[in-house]
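Listed here are the chains, written in short residue letters.
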Amino acid sequence: MSTPPAIRIENLVKRYAAPDGGEGKLALNGVSFDVPQGGIFGLLGPNGAGKSTLINILAGLVTKTAGSAEIWGFDIDEQRRNAKRAIGIVPQEIVFDPFFTPYEVLENQAGFYGIAKHLRRSEELLEAVRLADKRDAYARTLSGGMKRRLLVAKAMVHTPPILVLDEPTAGVDVELRRQLWELVTALNDDGVTVVLTTHYLEEAEQLCDRIAIINHGECIANKPTRELVDMAREKIVAVTVDSDLATIPQHDAFTKVEMAGERGVEVTYNKDQLTAGQVLAILQEQGLTVQDVTTREADLEDVFVQLTGG
Ligand code: ADP
Ligand code: MG
């Protein structure tokens, strides 16, 4: 039997109420996906796609309109307490009481979860996020990066098997981004399943082993990162030939061949395996006289744009 998913989302719908009692905003329109255990899962999508809405439903901060979700096998409605205990969430917005120290922030959170004093890990967590030397500083005196790290520690207070980070690196500088990536990777190496939302393609590509793309409240792709990147490895040569095509040209190295009208052929191929010149040579070997050529190239950005239709 395969391992059950860390998170299972089925047909999740969220319609926010309109202030005037009208239709309201449909933020999630029937989203379904599983987050496998043990990996780093990226929920990628442009601003306004519905990422935070989805995370906030898991966090119990937003009430879903329809559908269901399970966290570590616990239904978020039926087994709310267990579901909450299985997940730690770092929200998109940084919010702290400015007069608490990092140590107090973690102790308060532990108290909130009813963790006995001798079982608390506040010191250890401060070490892990490299804030041990800020143990007793007021939260308001911390830099933006330190606050983010403190939020990660806070989310891990109850030792959940799943850590969710909502746009952890939106608007942060390169150095802090690197630090956060390291922290996330280290936690994942320790066995924590990580989910992060981002609108940075590159971030998802570098960090995540699986990526789901969400756009206008719909999940439009959900693949291992490798496969998404492979889609971007493809290149297209479109040719016009001098006479009507009797048969479709074929070759093992072509991933796809499509006719475009009577005299047009579009060949999709993997650019690691062939060059455009070789594609043309193959077509000519098959008796076609090429009159006109255009090429198109896809990178991950294109795949993303293609998928999001934007
Ligand atoms: P993302 O996190 O992907 O940027 P959000 O989940 O924050 O997207 O928002 C999805 C859509 O829902 C957006 O159109 C947003 O304006 C809308 N939305 C988010 N929160 C609320 C709310 N509290 N009330 C009404 N509409 C909201
Ligand atoms: Mg968001």
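Scroll up to find the structure.
Residues numbered from 1 in each chain as written. Chains lettered and ligands numbered in written order. Predicted model: local features only at pLDDT ≥ 70, side-chain atom pairs only at ≥ 80, totals over all residues. Heavy atoms only, no water.

### Here we look at the coordination of the magnesium ion (ligand 2)
Looking at the magnesium ion (ligand 2), the protein donor atoms are Ser52 (OG) and Gln92 (OE1), and they sit 2.1 to 2.3 Å from it. Taken as a pair, serine 52 in helix 1 (residues 51-59) and glutamine 92 in the loop between strand 6 (87-90) and helix 3 (102-112) lie far apart in primary sequence, 40 residues in all. Take serine 52: its relative accessible area is 21%, and that puts it in the partly exposed class. With a relative accessible area of 29%, glutamine 92 lands in the partly exposed category. (Donors = N, O, S within 2.8 Å, 3.2 Å for Na, K, Ca; no water. Helix = DSSP H or I, 4+ residues; strand = E, 2+ residues; numbered from the N terminus. Buried < 20%, exposed > 50% of the residue type's maximum accessible area, 1.4 Å probe, protein only.)

### Remarks on the site of ligand 1
In the vicinity of ligand 1, the residues found are Tyr16, Lys25, Ala27, Pro46, Asn47, Gly48, Ala49, Gly50, Lys51, Ser52 and Thr53. In this structure, glycine 48 approaches ligand 1 through a main-chain N or O atom, which is 2.7 Å from an oxygen atom. At a separation of 3.1 Å, an oxygen atom of ligand 1 approaches a polar backbone atom of alanine 49. Contact with the protein chains hides 61% of the accessible area of ligand 1, taken as 560 Å² for the molecule alone. For the shell around ligand 1, the secondary-structure elements that each account for two or more residues are strand 2 (25-35) and helix 1. Per-element accounting of the shell around ligand 1 gives the leading share, three residues, to helix 1. Here the shell around ligand 1 is composed, by residue class, of four nonpolar, five polar and two charged. (Near = heavy atom within 4 Å. Polar contact = N/O pair within 3.5 Å; in protein donor to acceptor, adjacent residues only side chain to side chain. Areas by Shrake-Rupley, 256 points an atom, 1.4 Å probe, with all protein chains shown as cover. Nonpolar A, V, L, I, M, F, W, Y, C, P; charged D, E, K, R; others polar.)

### Re the side chain of glutamate 107
Structurally, the position occupied by glutamate 107 is in helix 3. For glutamate 107, a relative accessible area of 13% corresponds to the buried category. Filtering out sequence-adjacent residues up to four positions away, glutamate 107 remains in contact with Lys117, Arg120 and Ser122. (Contact = heavy atoms within 4.5 Å.)

### Observations regarding the side chain of glutamine 109
The topology assignment puts glutamine 109 in helix 3. Leaving out residues up to four positions away in the same chain, glutamine 109 has contacts with Lys154 and Val157.

### Considering the nonpolar core
Judged by nonpolar contacts, the single largest core of 45 residues is most densely connected at Leu150, Val152, Leu163 and Leu165. Among the elements that take part in this core, helix 6 (residues 174-189) stands out by supplying six residues, more than any other. With near-sequence residues (within four places) excluded, leucine 163 lies in contact with Gly88, Val90, Val152, Ala155, Met156, Leu187, Val192, Thr193, Val194 and Val195. (Core = buried A, V, L, I, M, F, W, Y, C linked by side-chain atoms within 4.5 Å.)

### Some thoughts on the packing of helix 5 (residues 144-155) against helix 6
Contact geometry of helix 5 with helix 6 gives a least axis separation of 10 Å together with a crossing angle of 15 degrees. By the criterion of interaxial angle, the relationship of helix 5 to helix 6 is roughly parallel. Regarding helix 5 and helix 6, the two cross each other, and that crossing is right-handed. Here Gly144, Gly145, Arg148, Arg149 and Val152 of helix 5 come into contact with helix 6, specifically with Leu176, Gln179, Leu180, Leu183 and Leu187. Its residues placed into classes, the contact of helix 5 with helix 6 shows five nonpolar, three polar and two charged. (Axes fitted to C-alpha atoms, helices over the stretch in contact; angles between N-to-C directions. Parallel < 35°, antiparallel > 145°, perpendicular 65-115°, else oblique. Left-handed = near helix turned anticlockwise from the far one by under 90°.)

### Structural notes on the environment of phenylalanine 304
Summarising the element assignment, phenylalanine 304 is placed in helix 10 (residues 300-308). Here phenylalanine 304 is in contact with Leu44, Gly45, Pro46, Leu201 and Ile213, once residues within four sequence places are set aside.

### A few points about the state of the cysteines
Going through the model one piece at a time under the given rule, you end up with zero disulfides. With no disulfide partner, cysteine 208 has as its closest neighbouring cysteine sulfur the one in cysteine 219, 14 Å distant. Cysteine 208 gets classed as buried once you look at its relative accessible area, which sits at 5%. We classify cysteine 219 as partly exposed; its relative accessible area is 27%. (Disulfide = S-S within 2.5 Å.)

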